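Residues per chain are reported as follows:
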Amino acid sequence: MNDPLGDMLTRIRNAQMRGKSTTQTPASKLRKWVLEVLADEGYIRGFEETTGKDGHPALEISLKYYEGTPVIRDLKRVSTPGRRVYMGVKDIPTVRQGLGVAIVSTPKGVMSDQAARSANVGGEVLCTVF
């Protein structure tokens, strides 16, 4: 697998299109940090560390719906393994005039765009959520 984070985002998108309440993805530190930001921002109910069918560590993601429609309307990968996107603190994009969230990997950890601006750090823009 070349893009583990992109794989997790696709699993979330596919599960929400099918109306699933949970989905599972292989565990990694970066995936866990991104899920923490999604949970803090209220886009997912939460996640827990489990063991997958193959015996490897996995993350069980509880998806969130509002009146039958998914809370996450749009989930896009910005920085890919073939094209990394780095931005300074002044260049971090606002998603849908502040209604969405850009998830940024900074030297101070993975955080939302608003938290990166308040901490005055830039970094790699991993994905956008709306």
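Residues numbered from 1 in each chain as written. Predicted model: local features only at pLDDT ≥ 70, side-chain atom pairs only at ≥ 80, totals over all residues. Heavy atoms only, no water.

**Let's talk about the domain arrangement of the protein chain**
Looking at the assigned domains, one finds that the protein chain contains domain 1 (4-70) and domain 2 (75-129). The straight-line distance from the C-alpha centre of domain 1 to that of domain 2 is 19 Å. Contact residues are listed per partner, giving 12 residues for domain 1 and 13 residues for domain 2. Between domain 1 and domain 2, a total of about 1,000 Å² is buried, with carbon and sulfur atoms accounting for 80% of that surface. Taken as a group, Leu9, Val37 and Tyr43 account for 42% of the area that domain 1 buries against domain 2, more than any other trio of residues on that side. Here domain 1 is connected to domain 2 by zero salt bridges. In this structure, the connection of domain 1 to domain 2 is made through two residue pairs in polar contact (both at pLDDT 80 or more). Contributions of two or more residues to the side of domain 1 that touches domain 2 are made by helix 1 (4-17) and helix 2 (29-41). When residues in the side of domain 1 that touches domain 2 are grouped by element, the largest group, six residues, is from helix 2. Taken together, the residues of the side of domain 1 that touches domain 2 break down into nine nonpolar, one polar and two charged. (Domains from an automatic or database assignment. Contact = heavy atoms within 4.5 Å. Buried area = accessible area lost by both parts, 1.4 Å probe. Salt bridge = Lys/Arg side-chain N within 4 Å of Asp/Glu carboxyl O. Polar contact = N/O pair within 3.5 Å; in protein donor to acceptor, adjacent residues only side chain to side chain. Helix = DSSP H or I, 4+ residues; strand = E, 2+ residues; numbered from the N terminus. Nonpolar A, V, L, I, M, F, W, Y, C, P; charged D, E, K, R; others polar.)

**As for helix 2**
The end-to-end C-alpha distance of helix 2, which contains 13 residues, comes to 19 Å, matching closely the 18 Å that a straight helix rising 1.5 Å per residue would cover. What helix 2 keeps buried is the set Arg31, Val34, Leu35, Val37 and Leu38. An end-on view of helix 2 places all buried positions within 155° of arc, on one side of the element. Every exposed residue of helix 2 that faces more than 90 degrees away from the buried side is listed here: Lys29 and Asp40. Phi for Gly42, located one or two positions after helix 2, is positive at around 90°. (Expected span 1.5 Å × (residues − 1). Buried < 20%, exposed > 50% of the residue type's maximum accessible area, 1.4 Å probe, protein only. Arc of directions from axis to C-beta.)

**Details of the pattern of salt bridges**
Throughout the structure, instances matching the rule amount to six salt bridges. A salt bridge links Glu124 to Arg84; its shortest N-O distance comes to 3.0 Å. With Glu124 in strand 10 (residues 123-129) and Arg84 in the loop between strand 6 (75-77) and strand 7 (86-87), this residue pair connects regions lying 40 residues apart in the sequence. A residue is classified by how much of its surface remains accessible, and Glu124, at 11% relative accessible area, is buried.

**Focus on the nonpolar core**
If you look at the biggest cluster of nonpolar residues, it comprises 22 residues, and the most contacted ones within it are Met8, Ile12, Val34, Leu35, Leu38 and Ile103. Of all the elements in the fold, those that place two or more residues in this core are helix 1, helix 2, strand 3 (57-63), strand 8 (101-106) and strand 10. Ranked by the residues each element gives to this core, the list is headed by helix 1, at five residues. Residues lining this core come from more than one domain, with at least three contributed by each of domain 1 (4-70) and domain 2 (75-129). Here Val34 is in contact with Leu5, Met8, Ile103, Val110 and Leu126, once residues within four sequence places are set aside. (Core = buried A, V, L, I, M, F, W, Y, C linked by side-chain atoms within 4.5 Å.)

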